[in-house]
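# Commentary on secondary and tertiary structure
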Amino acid sequence: MFAKAFRVKSNTAIKGSDRRKLRADVTAVFPTLGTDQVSQLIPGKEELNIVKLYAHRGDAVTVYVSGGNPILFELEKNLYPTVYTLWSYPDLLPAFTTWPPVLEKLVGGADLMLPGLVVPPAGLPQVQKGDLCAIALVGNRAPVAIGVAAMSTAEMLTSGLKGRGFSVLHTYQDHLCPEGRQLDVKKSSYKKLSKFLQHMQQEQVIQVKELSQGVESIVAVDWKHPRITSFVIPEPSPTSQAVQEGSREQPYHPPDIKSLYCVPASMTLLFQESGHKKGSILDGGEVRTIVISYAKKHDLVDADNNNLVKLDPILCDCILEKNEQHTVMKLPWDSLLSRCLEKLQPAYQVTFPGQEPVVKKGKICPVDITLAQRASNKKVTVVRNLEAYGLDPYSVAALLQQRCQASTTVTPAPGAKDSLQVQIQGNQVHHLGRLLLEECQLPRKHIQGLEKAPKPGKKK
């Protein structure tokens with residue numbers, strides 16, 4: 001489900017009532033968890049966010065994030081633990097074991113096939129079709145994936161361990177797993193490092209002594225202790241690493257935007273001699289060259305003043321207004337060329353780094369920033385047309401949510417087909433301007449609404 005990048009719809013802090021409801025739901029879904037364990041999983045006062053997102057296949061998923069780590073996710077009203085949660089509570093689900101090389105396949109989005117199962121001496125756990133299960137690797141009881149059993153244990157054995165065993169929902173190293181997380185004792189059941197060290201010493205994993213007053217030191221470690229030898233973090237294969245590195249977002253570079261001109265039906269007679277027809281796309285330099293060549297070819301340059309051009313019937317029809325047809329006989333070069341450009345239809349070319357140029361008719365819409373009032377007279381900032389400049393609305397929303405410390409949402413833009421708008425709570429035009437102008441390096445002429453930023457000293 002999370003093998004490919006997903007789109008974040010919103011990221012908001014959980015309310016007190018929702019926090020209590022989540023605890024009740026966890027208790028109902030996972031009855032083996034005690035009250036203290038539920039309180040540790042869903043702390044009463046620590047940061048807990050609700051992230052609503054769309055998986056790459058369009059599934060709407062709600063993810064609960066505590067301390068920067070996803071702990072639970074909800075799909076079609078069903079609640080599932082993440083691998084982070086299972087590392088703290090490895091016995092929460094019946095666990096099946098597979099070989100380490102299989103992890104790469106699971107991370108890539110594959111389901112777990114029965115031939116990949118490792119049957120322990122005690123036999124397979126007893127499950128029914130549809131049961132939620134954990135998947136671990138040989139030599140490491142820490143789960144690396146979560147899946148739904150495609151058949152019961154009895155059916156697995158009857159089939160001779162052939163066929164699909166589990167529909168995998170989430171894995172270690174998928175896009176739901178944030179990178180670079182470190183172990184935080186404060187977020188463990190021990191809460192304090194001293195308690196953790198004391199417990200490890202009681203299990204004879206380590207020896208701790210107070211070598212100086214108030215300072216405890218680890219003086220010995222039993223590296224052969226089962227608690228250490230059984231703890232193995234699976235290393236991704238070079239192939240998996242290459243895939244992950246290739247899937248990371250590349251730094252944003254603004255597109256090169258070039259104004260062009262399209263030949264309308266009313267101008268075809270002027271341009272057909274140069275091999276162009278209705279709908280031909282030209283840049284300003286090409287238009288200038290064609291007009292100058294036409295004037296010289298037809299001997300239209302004034303003999304007494306080289307700065308003037310005589311207008312023949314074709315030029316008159318193409319660039320003059322009706323009330324000028326019998327009064328304007330000559331025009332200066334600059335006036336002739338500017339009038340010609342004005343009569344052509346606008347077009348533009350967008351070129352992103354490493355991509356082929358894309359030509360479109362019409363004028364490119366600027367990034368549009370507006371302010372609006374919502375319920376309870378609350379002010380919000382709305383930004384549209386990000387896609388035209390290669391900016392992902394979901395990525396922009398996630399970045400602004402973090403920087404502005406305000407809720408953000410992404411919704412379809414009214415009246416615009418296949419276009420999205422980002423809404424940020426409060427007047428955040430200043431943050432938007434800084435992002436678009438300084439970091440994204442978009443030209444100011446392509447951004448509309450920057451003047452709506454709050455004035456210094458005024459309330460947002």
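Residues numbered from 1 in each chain as written. Predicted model: local features only at pLDDT ≥ 70, side-chain atom pairs only at ≥ 80, totals over all residues. Heavy atoms only, no water.

This brings us to the confidence of the model for the protein chain. It should be kept in mind that the predicted coordinates are not to be read in detail where pLDDT is low. Mean pLDDT over the protein chain: 85, with 91% of residues reaching 70 or higher. Throughout residues 234-249 the model reports pLDDT below 50, and contacts reaching past four residues in sequence, or to other chains, amount to 16 contacts. (pLDDT = per-residue confidence, 0-100. Contact = heavy atoms within 4.5 Å.)

The next point concerns the pairing of strand β18 (residues 345-351). In this structure, strand β14 (residues 256-262) lies alongside β18, joined through seven bridges in antiparallel fashion. Note on β18: the bridge partner recorded for Y261 is P346. Bridge count between β18 and strand β19 (residues 358-361): four bridges; the pairing is antiparallel. By the bridge assignment for β19, V350 is matched with V358. Counted along the chain from β18 to the antiparallel partner β19, the turn is six residues long, and its residue G354 has a positive phi close to 80°. (Pairing = 2+ DSSP bridges. Helix = DSSP H or I, 4+ residues; strand = E, 2+ residues; numbered from the N terminus.)

With respect to topology, six strands assemble into an open sheet ordered β7-β11-β10-β9-β6-β8, the strand pairing being mixed. If you trace the sheet from one side to the other, it starts and ends with β7 (112-113) and β8 (117-118), each paired once. Where strand β10 (residues 140-149) lies against strand β11 (residues 164-171), five bridges are found, and the strand directions are antiparallel. Its bridge partner lying in β11, G147 is registered against V168.

This part is about the packing of aromatic side chains. Applying the stated criterion across every chain yields a total of six aromatic pairs. With centroids separated by 6.2 Å and ring planes inclined at 85°, the aromatic side chains of F2 and F6 adopt a geometry described as edge-to-face. Measuring from ring centre to ring centre gives 4.8 Å for F96 and F166, while their planes differ by 55°; the resulting arrangement is tilted. Pair noted here: F96 is in strand β6 (residues 95-98) and F166 is in strand β11, with a separation of 70 residues, a long-range link. Summarising the burial analysis for this pair, F96 and F166 share the class buried. Each member of the aromatic cluster is reached from another via a ring pair, and the members are F2, F6, F73 and Y80. (Phe/Tyr/Trp six-rings, centres within 6.5 Å; stacked < 30°, edge-to-face > 60°. Buried < 20%, exposed > 50% of the residue type's maximum accessible area, 1.4 Å probe, protein only.)

The subject of this paragraph is the sheet that holds strand β15 (residues 281-282). The four strands are arranged β15-β14-β18-β19 in an open sheet whose pairing can be described as antiparallel. Looking at strand neighbours, the two that pair on one side only are β15 and β19, the edges of this open sheet.

Glancing now at the layout of surface pockets. When its volume is computed, the second largest pocket comes out at roughly 310 Å³. Broken down by secondary-structure element, the contributors of at least two residues to the lining of the second largest pocket are β14, α12 (333-343) and β18. In terms of residue count, the dominant contributor to the lining of the second largest pocket is β14 (five residues). When the residues that make up the lining of the second largest pocket are grouped by side-chain class, the tally is 12 nonpolar, four polar and four charged. (1 Å grid on protein atoms, 1.4 Å probe; cavity = no way out; pocket = protein on both sides within 12 Å on 5 of 7 lines; lining within 4 Å. Points joined across faces, edges and corners; volume = space filled by probe spheres on them. Nonpolar A, V, L, I, M, F, W, Y, C, P; charged D, E, K, R; others polar.)

The next thing to look at is helix α1 (residues 16-29). Over its 14 residues, α1 runs 20 Å from end to end, which matches the ideal 20 Å to within 8%, given 1.5 Å per residue. Burial in α1 covers these residues: R19, L22 and V26. Buried residues of α1, viewed axially, fall in a sector of 60°; they line one side. Across from the buried face of α1, at angles greater than 90 degrees, the exposed residues are R20, K21 and A28. At its buried positions, α1 is contacted by α2 (35-41), β2 (48-54), β3 (60-66), β4 (69-75) and β5 (78-81). (Expected span 1.5 Å × (residues − 1). Arc of directions from axis to C-beta.)

A few words now on helix α13 (residues 393-404). Across its 12 residues, α13 extends 16 Å between first and last C-alpha, which sits within 8% of the 16 Å expected from 1.5 Å per residue. Along α13, the positions that sit buried rather than exposed are P393, Y394, V396, A397, L400, Q401 and C404. Taken end-on, α13 shows its buried residues confined to a sector of 160°, consistent with a single buried face. Here the buried face of α13 lies against β1 (7-13), β2, β22 (408-412), β23 (420-425) and α14 (429-439). Positive backbone phi, at 55°, marks Q405, one or two positions downstream of α13.

The topology assignment puts N140 in strand β10. Here the alpha-carbon distance between N140 and H326, two residues 186 residues apart in the chain, equals 92 Å.

Ranked by internal contacts, the top residues of the largest apolar core, which has 33 residues, are L22, V26, L33, L41, V63, L72 and F73. Every element with two or more residues in this core is listed here: α1, α2, β2, β3, β4, β5 and β9 (132-137). Beyond its immediate sequence surroundings of up to four residues, V63 is in contact with N49, I50, V51, L53, P70, L72, F73 and L176. Grouped together as the second largest cluster of nonpolar side chains are 29 residues, Y348, V367, Y394 and A453 included. (Core = buried A, V, L, I, M, F, W, Y, C linked by side-chain atoms within 4.5 Å.)

Here the focus is the packing of α13 against α14. Where α13 contacts α14, the two axes come as close as 11 Å, and the packing angle between them is 120°. It follows from the interaxial angle that α13 and α14 lie oblique. Considering only the axes of α13 and α14, their crossing is right-handed. Across the interface between the two elements, V396, L399, L400, R403 and C404 of α13 pack against H431, L432, L435 and E439 of α14. Taken together, the residues of the contact of α13 with α14 break down into six nonpolar, one polar and two charged. (Axes fitted to C-alpha atoms, helices over the stretch in contact; angles between N-to-C directions. Parallel < 35°, antiparallel > 145°, perpendicular 65-115°, else oblique. Left-handed = near helix turned anticlockwise from the far one by under 90°.)

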